[in-house]
Amino acid sequence: MEQLNEILTEVSGLLWGWPMIILLLGTHVYLTIILRFPQRKILTAIRLSVKRDPGATGDVSQFGSLATALAATIGTGNIIGVATAIALGGPGAVLWCWLTGVFGISTKYAEGLLAIKYRIQGADGRMLGGPMYALERGLGWKWMAVLFALFTALAAFGIGNTVQANAIATVVHESYGISPYFTGIVVCLLAGAVILGGVKSIARVCGMLVPFMACFYILGCIYILIVNAAYLWPAILLIVKSAFSPAAAGGGFVGSTVMMAARFGIARGLFSNESGMGSAPIVAAAAQTRNPVRQALVSSSATFWDTVIICALTGLVIVSSVIAYPDIDFSNGATLTKDAFAKIPVIGRPLLTFGLLTFAFSTILGWCYYGERAVEYLKGKRWVMGYRVCFIAALFIGSVINLALVWNIADCMNALMAIPNLLSLIFLSGIIIHETRKYLWRNRLDKAD
């Protein structure tokens, strides 16, 4: 097992090396340019996300699909991931993470558009879609669609299951001394009660949980920044300067370089918002929407909230706390997060605990839906219930095991998901432009497809 873990560590490092980062970031920039900067429509996207689309076909509301997508993307990566990027790449990693989110809005827009464009209606009336359908119906690449679905079904057990369950069990054990075995049982029961109800149950719970947890965390971060007000502007200057000049970081960050800041900031930003990975389009396909571009805009707002807002706030909290309290250990991402939040009296530690627990649990719900849709594409609906049962059982296993091997497997599967999805976005970019011109550039968002 140790040798296997070492091999997977090497493979993961290769898959998530500079070629992957360049492919992902390059796709972000390419789509931003050819789509005429859809980021400027973010207010329209937010407005559409909270409106119902009467008479539109789909299984859940646009807000329900957005909440489920956010449930899967707003996870431990928004907290631990940002801190890890800072620990490894210095404060400048925060700026690169943020820029990745800004440009990633275009990719999430394109993914949502293709999800609606190529979705199908199943025999039972449910809407089915995602990159596997775009690959098969748009490009005729059935074999690559099968690979994407397979990697998605496997990745769900890593990033969306055992990793999150372990994070919950660890936080509860460190904070309250509760046994991971007991926590694992509780997580299984709570998740099972939602998951077994299917997409409508998941969307309903996420629709209630996500706005509450996100607002609570955002307000908590704003409070911490008010407490750290004297160090906020120095933190912003340090982030910007050290993103382009390693000497600007100073102190314990002196070992970081511009390349390290860019690499870890971009990688963690991509990991956090999942733009380009191909997961969010799976639930976007179930949305009630009258044309592909409306849902594309709604989908794009997920990256705005996830990275442009939440990751940025987390980064500012951590960097300002490091400046305010020089005794904080920033050699480890998890330790850095805990120490930075713990320095804030009364609200700091409870806010971190609440954020990690709710973010991790919501990720479990969202990724279960992604995984079961991938299984349904591969083997049919009759296999879905079995997958749900296995998914729930894996939550207990994840709560009590060492996750080094699981993390490496999950990283590999996520990268292997991204490659076929990015190819579909690039090769179907003509379709994306055509639909965008038809509905967005000609101001016909209210027209039915």
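Since we're looking at a predicted model, the values are computed, not measured.

Points about the pattern of salt bridges
As enumerated under the stated definition, the model contains nine salt bridges in all. Between Arg373 and Glu372 there is a salt bridge, with the nearest N and O atoms lying 3.7 Å from each other. The exposure class of Arg373 is buried, given its relative accessible area of 6%. Relative accessible area serves as the criterion here: at 0%, Glu372 is assigned to the buried category. One continuous salt-bridge network, built from bridges that share partners, spans Asp124, Arg126, Glu372, Arg373, Glu376, Lys381 and Arg388.

Looking at a positive patch on the surface
Among the surface-exposed residues, Arg36, Arg40, Arg437, Arg442, Arg444 and Lys447 lie close enough to one another that they form a single positively charged patch. Note on placement: Arg36 falls in the loop between helix H2 (18-34) and helix H3 (42-49).

Focus on empty space enclosed by the protein
Considering all chains together, one arrives at four cavities of 30 Å³ or more under this definition. Lining the largest cavity are Ala72, Thr73, Gly75, Thr76, Gly77, Ile159, Gln164, Phe271, Ser272, Glu274, Thr363 and Trp407. Quantified by volume, the second largest cavity comes out at close to 70 Å³. Around the second largest cavity sit 13 residues that line it, and Ala69, Ala280, Ala284, Gln295 and Ser299 are the ones nearest its centre. Residue assignment for the lining of the second largest cavity shows that the elements contributing at least two residues are helix H4 (62-73), helix H6 (93-117), helix H14 (280-284) and helix H15 (292-324). Of the residues that constitute the lining of the second largest cavity, the class distribution is seven nonpolar, four polar and two charged.

With respect to the state of the cysteines
Between two cysteines, a covalent bond joining their sulfur atoms is known as a disulfide. Enumeration over the complete set of coordinates arrives at zero disulfides. This cysteine, Cys368, is not joined by any disulfide, and Cys390 carries the nearest cysteine sulfur, 11 Å off. Cys368 gets classed as buried once you look at its relative accessible area, which sits at 0%.

Here we look at unusual backbone geometry
Phi is positive for Arg36, which is not a glycine, with a value near 60 degrees. With a relative accessible area of 47%, Arg36 lands in the partly exposed category. Even without glycine at this site, Glu274 takes up a positive phi of about 60 degrees. Of note, Glu274 is situated in the loop between helix H13 (258-273) and H14.

Some thoughts on a nonpolar patch on the surface
Together, Tyr176, Ile178, Phe182, Val186 and Leu190 line one region of the surface with nonpolar side chains, adding up to about 490 Å² of accessible area. Here the nonpolar patch gets three residues from one element, more than from any other, and that element is helix H10 (residues 180-195).

With respect to the packing of aromatic side chains
Applying the stated criterion across every chain yields a total of 13 aromatic pairs. One residue, Arg36, lies across the ring of Trp441, its end atom 3.7 Å from the ring centre.

So, helix H1 (residues 2-15)
Compared with the 20 Å implied by 1.5 Å per residue over 14 residues, the 20 Å span of H1 between its first and last C-alpha is a close match. Those residues of H1 not exposed but buried are Asn5, Leu8, Ser12 and Leu15. Across the axial projection of H1, the buried residues extend over an arc of 85 degrees, all falling on one side. Turned more than 90 degrees off the buried face of H1, the exposed positions are Glu2, Gln3, Ile7, Glu10 and Leu14.

Quick notes on the layout of surface pockets
Space inside the second largest pocket adds up to approximately 250 Å³. Along the wall of the second largest pocket there are 15 residues; nearest its centre are Phe63, Leu70, Val210, Pro211 and Trp305. Those elements that place two or more of their residues in the lining of the second largest pocket are H3, H4, helix H11 (198-227) and H15. With five residues, the single largest contributor to the lining of the second largest pocket is H11. Among the residues forming the lining of the second largest pocket, the class breakdown is 14 nonpolar, one polar and no charged.

Overview of the environment of Val102
Turning to its location among the elements, Val102 is positioned in helix H6. In this structure, the C-alpha to C-alpha distance between Val102 and Val308, residues 206 residues apart in sequence, is 6.4 Å. With near-sequence residues (within four places) excluded, Val102 lies in contact with Gln39 and Val308.

What counts as what
- Residues numbered from 1 in each chain as written.
- Predicted model: local features only at pLDDT ≥ 70, side-chain atom pairs only at ≥ 80, totals over all residues.
- Heavy atoms only, no water.
- Salt bridge = Lys/Arg side-chain N within 4 Å of Asp/Glu carboxyl O.
- Buried < 20%, exposed > 50% of the residue type's maximum accessible area, 1.4 Å probe, protein only.
- Patch = residues over 30% accessible without salt bridge, like charges linked within 9 Å, V, L, I, M, F, W, Y side chains within 5 Å.
- Areas by Shrake-Rupley, 256 points an atom, 1.4 Å probe, with all protein chains shown as cover.
- Lys, Arg positive; Asp, Glu negative; His and termini not counted.
- Charge placed at Lys NZ, Arg CZ, Asp CG, Glu CD.
- Helix = DSSP H or I, 4+ residues; strand = E, 2+ residues; numbered from the N terminus.
- 1 Å grid on protein atoms, 1.4 Å probe; cavity = no way out; pocket = protein on both sides within 12 Å on 5 of 7 lines; lining within 4 Å.
- Points joined across faces, edges and corners; volume = space filled by probe spheres on them.
- Nonpolar A, V, L, I, M, F, W, Y, C, P; charged D, E, K, R; others polar.
- Disulfide = S-S within 2.5 Å.
- Phe/Tyr/Trp six-rings, centres within 6.5 Å; stacked < 30°, edge-to-face > 60°.
- Lys NZ or Arg CZ within 6 Å of the ring centre and 35° of its normal.
- Expected span 1.5 Å × (residues − 1).
- Arc of directions from axis to C-beta.
- Contact = heavy atoms within 4.5 Å.

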